[in-house]
Amino acid sequence: LLNADRLNNVETGIGYGTDTGVRLRGQYRRAIVNHLGHSFDANMEVSTIRQAIDGRYNMPYKHPLNDYISLVGGYEREERKDVGQDVSLMIESAVAGADRVIKNPRGSWQHTFGLRYRLDRITQDGIIDPAEIPEAFLVNTNNQQQSLLFGYEASRTISDKRVNPSKGFKQTYKIELGSESLLSDADMAILNAG
């Protein structure tokens, strides 16, 4: 027995954390945007110190469900007032990019190839005595940093049942690379494994 997925899906949530205060969360998903099978989802999170919004637009590539391209973008802003006496920081981050996701049958490796541009900005309100800051943190006086990262991720999930599994194993490996010669403020390699 098959049922069609709902065209629009909205989720909301509310929570509380000692470091954030009251939090509100919202998510909107559109299962089918047009006759080409495109889909869209957006997320929003709001608290007294942090606000974030991001979106993802998916387009089928070689297979409508297992091979697609995602355009991603997001912005987040966080205000930290507990930095020092009469000192606060405003941290802003914006990201834009694209991923190609290749899914394989259950138990096989899935692959994601990605490209991300990220811009981070820190704005200080108040005066900090430079003598109180460790020398290692005084190297870069620029309040803005950018990076262009090329990434690859491989993941695999093995479980006893597809729906409501009682046991299983998931592994994920990811690498992201950036270079000063390609819009990044520093040469970098970021490795993640789980």
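Here goes a summary of the coordinates provided.

Scoring rules and cut-offs
Residues numbered from 1 in each chain as written. Predicted model: local features only at pLDDT ≥ 70, side-chain atom pairs only at ≥ 80, totals over all residues. Heavy atoms only, no water. Helix = DSSP H or I, 4+ residues; strand = E, 2+ residues; numbered from the N terminus. Rg over C-alpha atoms; globule rule 2.2 N^0.38 Å. Buried < 20%, exposed > 50% of the residue type's maximum accessible area, 1.4 Å probe, protein only. Contact = heavy atoms within 4.5 Å. Polar contact = N/O pair within 3.5 Å; in protein donor to acceptor, adjacent residues only side chain to side chain. Phe/Tyr/Trp six-rings, centres within 6.5 Å; stacked < 30°, edge-to-face > 60°. Pairing = 2+ DSSP bridges.

**Observations regarding the overall build of the protein chain**
Helix and strand counts for the protein chain come out as 0 helices and 10 strands. Each helix and strand of the protein chain, placed in order from N terminus to C terminus, yields the pattern β-β-β-β-β-β-β-β-β-β. Relative to a compact globule of 194 residues, whose C-alpha radius of gyration would be 16 Å, the protein chain shows 21 Å and is clearly more extended. Relative to its 194 residues, the protein chain shows a buried fraction of 19%.

**A closer look at the environment of Ser-147**
Tracing the backbone through its elements, the reader meets Ser-147 in strand 8 (residues 144-159). Those residues within four positions of Ser-147 in sequence are excluded, and the remaining contacts are Arg-116, Tyr-117, Arg-118, Leu-183, Ser-184 and Met-188.

**A closer look at the environment of Val-33**
Assignment of secondary structure puts Val-33 in the loop between strand 2 (21-30) and strand 3 (39-47). Taking the C-alpha atoms as reference points, Val-33 and Asn-8, separated by 25 residues in sequence, lie 9.7 Å from one another. Dropping the residues within four chain positions of it, Val-33 is found in contact with His-38, Ser-39, Phe-40 and Tyr-57.

**Observations concerning the side chain of His-38**
Structurally, the position occupied by His-38 is in the loop between strand 2 and strand 3. Within the structure, His-38 has its side chain in polar contact with the side chain of Tyr-57 (distance 2.8 Å). With sequence-adjacent residues up to four places away left out, His-38 is seen in contact with Ala-31, Ile-32, Val-33, Tyr-57, Asn-58, Met-59 and Pro-60.

**Some details on the packing of aromatic side chains**
Counted according to the given criterion, the structure contains 2 aromatic pairs. Plain terms: the ring middles of Phe-113 and Tyr-152 are 5.1 Å apart, the flat faces sit at 45° to each other, and that makes the pair tilted. A residue pair is termed long-range when its members are at least 10 positions apart, and Phe-113 in strand 7 (residues 110-125) and Tyr-152 in strand 8 qualify at 39 residues.

**Topic: the pairing of strand 9 (residues 168-178)**
Note that strand 8 and strand 9 share 10 bridges and pair antiparallel. Bridge pairing links Arg-156 to Gln-171 in strand 9. The pairing of strand 9 with strand 10 (residues 188-193) spans 6 bridges and is antiparallel. Bridged to Tyr-173 within strand 10 is Ala-193.

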